[in-house]
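Examination of the molecular architecture
Listed below are the residues making up each chain.
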Amino acid sequence: MVRLTCDPRTVAAAMVTAPWTHGCDLTVAGAREAFGDAHVHMLLLTDGGVLRGTLLRDDLAGPTDPEGPALDLAPLAGRTVSPDHPVEEALALMREQATRRLAVVDDEGHLLGLLCLKRTLDGFCSDADVRARALEHGGLHQIEQIGG
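Notes on the structure follow. Worth saying up front: this structure is predicted, and the values here are computed from it rather than measured. (Residues numbered from 1 in each chain as written. Predicted model: local features only at pLDDT ≥ 70, side-chain atom pairs only at ≥ 80, totals over all residues. Heavy atoms only, no water.)

Observations concerning the pairing of strand β2 (residues 43–47)
For clarity, the threshold we go by: Whether a residue is buried, partly exposed or exposed follows from its accessible area with a 1.4 Å probe, protein chains only, as a fraction of its type maximum: under 20%, in between, or over 50%, in that order. Counting from the N terminus, the helices are DSSP H or I runs at least four residues long and the strands are E runs at least two residues long. Whether two strands pair comes down to DSSP finding at least two bridges between them. Crossovers are described as right-handed under a simple rule: with the strands pointing away from the observer, the path leading from the first strand over the helix to the second runs clockwise.
Where burial is concerned, most of β2 is hidden: four out of the five residues are buried. Looking at chain direction, strand β1 (residues 20–23) and β2 are connected through two bridges and run parallel. Across the sheet, His22 pairs through a bridge with Leu45, a residue of β2. At this point the chain moves from β1, through helix α2 (residues 28–34), to the parallel β2, and the crossover so formed is right-handed.

The structure is reproduced here in structure tokens:
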């Protein structure tokens, strides 16, 4: 587990490398269904490994067509970080934005992982945590090993 006090490591050292992803064809109804899992805080919409959008529950708060594309409601701005970014600066950004998730992308937008602050705010989620939750929920989400 990564400790949050003056950790000089990079985001790459702290990120989950196999986050759950969804295709860009995800509907608003499908996104709402995915958010039925209380452990899901951000949906990552990808196409060929490239991150095209991120969804938070609040993005779906307004009236929307359930069959409409979730991607239309899925911004990237302010929700991504590079893998070489210092983890302490990423944590400060997360606190400033009151979020516990940042998608980790390279310069071309390829999804590399997810920086996932634990509910206890004392460390970051691990790949083992994500896999355990996926098994717990019977494969509700597509699990994609990024880069492997």
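Some thoughts on the environment of Leu71
With respect to the helices, strands and loops of the structure, Leu71 is situated in the loop between β3 (50–55) and β4 (80–81). Residues Leu71 and Thr27, 44 residues apart in the sequence, show an inter-C-alpha distance of 7.9 Å.

Observations concerning the pairing of strand β5 (residues 101–105)
For β5, a buried count of five out of five residues is recorded, marking the element as mostly surrounded by other parts of the structure. The two faces of β5 match: Arg101, Ala103 and Val105 on one face and Leu102 and Val104 on the other face are all buried. Taken together, β4, helix α3 (residues 87–97) and β5 form a β-α-β motif whose crossover is right-handed. In this sheet, strand β6 (residues 111–116) lies alongside β5 in antiparallel orientation, the contact comprising five bridges. If you follow Leu102 over to β6, its bridge partner there is Leu115. Between β5 and β6, which follow one another and run antiparallel, lie five residues, and Gly109 among them has a positive phi close to 90°.

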